[in-house]
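# A closer look at the structure
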Amino acid sequence: MITVLCGGVGGSRFVRALASTIEPERITAIINTADDDEFHGLYVSPDPDIVTYALAGEVDEERGWGFRGETFRWLEHMRRFGHETWFQIGDRDLATHIHRTRLLRDDLPLSAVVADIARGFGVRVRLLPMSDDRVRTVVETDGGDVPFQRFLIERHAQDPVRGVRFEGAGAARPAPGVLDAIREAEALFIAPSNPIGSIAPILAVPGIREAVAQLDRPRIAVSPIIAGRSLQPPAAEMMAGLGHVVDVTGVARMYAGLIDGLIIDEADGDRAAEIEPLGVRCIVAPTLMRDEAARRHLAAVALDAAGITP
Ligand code: GDP
Ligand code: CA
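Residues numbered from 1 in each chain as written. Chains lettered and ligands numbered in written order. Predicted model: local features only at pLDDT ≥ 70, side-chain atom pairs only at ≥ 80, totals over all residues. Heavy atoms only, no water.

### Some points on the site of ligand 1
Note the cut-off: Being near a molecule or strand, for a residue, comes down to having at least one heavy atom within 4 Å of it. Pairs of N or O atoms within 3.5 Å make up the polar contacts considered here, provided that, within protein, one atom can donate a hydrogen while the other can accept it, and that residues adjacent in sequence are counted only when both atoms are side-chain atoms. Surface exposure here means Shrake-Rupley accessible area, sampled with a 1.4 Å probe, where a residue is shielded only by the protein chains that are shown. Here a strand is any run of E in DSSP of at least two residues, a helix any run of H or I of at least four, and the numbering for each starts at the N terminus. Here the term charged refers only to Asp, Glu, Lys and Arg, the term nonpolar to Ala, Val, Leu, Ile, Met, Phe, Trp, Tyr, Cys and Pro, and the term polar to all other amino acids, Gly among them.
Neighbouring ligand 1 are 21 residues; S193, S198, S230, T287 and M289 lie closest to it. A distance of 2.9 Å is found between an oxygen atom of ligand 1 and a backbone nitrogen or oxygen belonging to G11. With respect to ligand 1, the side chain of S198 contributes an N or O atom lying 2.6 Å from an oxygen atom. In the complex, the protein chains occlude 96% of the 590 Å² of accessible area that ligand 1 would expose alone. With four residues, helix α1 (residues 9-19) is the single largest residue contributor to the shell around ligand 1. Here the shell around ligand 1 is built from residues that sort into eight nonpolar, eleven polar and two charged.

### Overview of the packing of aromatic side chains
Rules: Here is the rule: rings of Phe, Tyr and Trp (six-membered ring for Trp) pair when centre to centre is within 6.5 Å. Planes less than 30 degrees apart are stacked, more than 60 are edge-to-face, and the remainder are tilted. Only protein chains enter the area calculation, which uses a 1.4 Å probe; residues under 20% of their type maximum are buried, those over 50% are exposed, and those in between are partly exposed. By definition, being over a ring means that NZ of Lys or CZ of Arg is both within 6 Å of the ring centre and within 35 degrees of the ring normal.
Using the criterion set out here, one finds seven aromatic pairs in the structure. Seen from their ring centres, F14 and F189 are 5.7 Å apart, and the 70° between their planes marks the pair as edge-to-face. Of this pair, F14 sits in helix α1 while F189 sits in strand β9 (residues 187-190); the two residues are 175 residues apart in sequence, bridging distant segments of the chain. A single burial state applies to F14 and to F189, both of which are buried. An aromatic cluster is present here, built from F39, W86 and F87 joined pairwise through their rings. It is R63 that lies over the ring of W65; its NZ or CZ is 4.2 Å from the centre.

### Here's the deal with the coordination of the calcium ion (ligand 2)
In plain terms, the rule: Only nitrogen, oxygen and sulfur atoms qualify as donors, and only when within 2.8 Å of the metal (3.2 Å in the case of Na, K and Ca); with water excluded, sites may look incomplete.
Protein coordination at the calcium ion (ligand 2) comes from D35 (OD), D47 (OD) and D47 (OD), with a distance range of 2.2 to 2.6 Å. Of the two residues, D35 is situated in the loop between β2 (27-31) and β3 (37-39) and D47 in helix α2 (residues 46-55); the sequence distance between them amounts to twelve residues. Exposure class is identical for D35 and D47. Each is buried.

### Digging into empty space enclosed by the protein
The following threshold applies: For each structure, a 1 Å grid was placed over the protein atoms alone; sets of points admitting a 1.4 Å probe that cannot get out are labelled cavities, open sets with protein on both sides within 12 Å along at least five of seven lines are labelled pockets, and lining residues have an atom within 4 Å of a point. Grid points are joined across faces, edges and corners, and a volume is the space filled by probe spheres set on the points.
Tallied over the entire structure, the rule returns one cavity of 30 Å³ or more. Here the largest cavity defines a volume of roughly 30 Å³. Where the lining of the largest cavity is concerned, the elements lending two or more residues are α2 and α5 (110-120). Grouping the amino acids of the lining of the largest cavity by side-chain chemistry returns four nonpolar, one polar and two charged.

### Digging into the layout of surface pockets
The space that makes up the second largest pocket amounts to roughly 220 Å³. The wall of the second largest pocket is formed by 14 residues, among which Y43, L104, L110, D132 and R136 lie closest to the centre. Per-element tally for the lining of the second largest pocket: the top contributor is helix α4 (residues 91-105), with three residues. In the lining of the second largest pocket, the residues fall into six nonpolar, two polar and six charged.

### Quick word on the pairing of strand β6 (residues 136-141)
Rule in force here: If DSSP finds at least two bridges between two strands, the strands pair.
In terms of burial, β6 is a largely internal element, five of the six residues being buried. Strand direction decides the pairing type here: β6 and strand β7 (residues 144-147), joined by four bridges, are antiparallel. Within β7, the residue paired with T141 across the bridge is G144. Two successive antiparallel strands, β6 and β7, enclose a turn made up of two residues.

### Here's the deal with the side chain of R136
Condition: Counting rule applied: Lys, Arg positive; Asp, Glu negative; His and chain ends not counted. Any Lys or Arg side-chain nitrogen located within 4 Å of an Asp or Glu carboxyl oxygen qualifies as a salt bridge. Between two residues, a contact is recorded if the distance between any of their heavy atoms is within 4.5 Å.
Of note, R136 is situated in strand β6. In this structure R136 is buried but unpaired, with D36 as the nearest side chain of opposite charge at 4.8 Å. At a separation of 3.1 Å, a polar atom in the side chain of R136 contacts the main-chain carbonyl oxygen of D36. Excluding residues that lie within four positions of it along the chain, R136 makes contacts with T33, A34, D36, Y43, R165, F166 and E167.

### A closer look at the sheet that holds β2
Selection criterion: All axes here are fitted lines through C-alpha atoms, helices being fitted over the stretch that makes contact, and every angle between N-to-C directions spans 0 to 180 degrees.
Across the sheet, which stays open at both edges, the seven strands sit in the order β5-β2-β1-β9-β10-β13-β14 with parallel pairing between neighbours. Among the strands making up the open sheet, the edge pair consists of β5 (126-129) and β14 (281-285). In this sheet, adjacent strand axes meet at a mean angle of 20° when their direction is disregarded. The sheet strands contacting helix α8 (residues 195-204) are β1 (2-6), β2 and β9, and the helix crosses β1 at an angle near 115°. This element, helix α13 (residues 292-305), spans β9, β10 (219-222), β13 (261-265) and β14 of the sheet and lies at about 160° to β14.

### As for the environment of I50
On the secondary structure map, I50 appears in helix α2. As a C-alpha pair, I50 and D60 span ten residues in sequence and 9.4 Å in three-dimensional space. For I50, the residues in contact, after removing those within four places along its chain, are G8, V9, S12, G64 and W65.

Below is the structure:
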């Protein structure tokens, strides 16, 4: 079993990359749920949905989230009634949210709901939310505390970040299967996801960081930061706000002790000498997953770094 910790856009691209190279059934993705929220009475779970849609081959590859060819007609009509419409939920996406909200209302745990939705899309990778319990990322700004989605989507990640907290994390339990998926992994990957917005909340669920730190199988991360930049907000904004240097060394410092290897982009090849003293071996490769060929190549590099034969 191969286990991956991941968020949404970057995470889904990497999980999809692995699933195009090894048997999807061999892969377990442990997905961030700290940016879940409620809109219009619907439970929205962005990262599990993005991973599901990507693995189903239905994701909008340009945007990285939502369905390809999606329309937003229902949302336009919500505006008519004066509702807030800054959080984009497409017409087809709406069905997922209604279905999930109904199942949760019937008292199914989130992990069962994530699995049910994945099944609905024919996804063969095992998808696990990090926890069935409520954890919420709150961004601390000069203007006050802002829930993650409002910070990112409504406010375009413009407010300088003073702090980030994961409400509820301390009391949350890893979802069923999460700790075993880490402890029994042949290799563990940390996807090129937002280190603070997507990976830190997973690690904040008691037991998960410890399980990763103690795993004595290859642990490999892929840097989401390329040449000092994130491909999308708010990874760089969050790193900078918390005092991290926004580059591959900053990523390596955050993951030191949790990973054995870090795949950095060719653009950052000269940084390896700075990173390796942290106890993190660097693997230099093209890391931009812009198409199927690029995804396959990165998956091959990552599996090779972890000593996994496809
Ligand atoms: P979110 O939950 O939708 O914010 O997505 P993630 O947390 O999973 O990923 C966000 C990060 O993915 C950003 O910092 C991007 O730079 C990174 N990312 C997206 N696509 C790629 C890619 O093709 N290669 C690499 N290396 N990073 C990527
Ligand atoms: Ca996310």
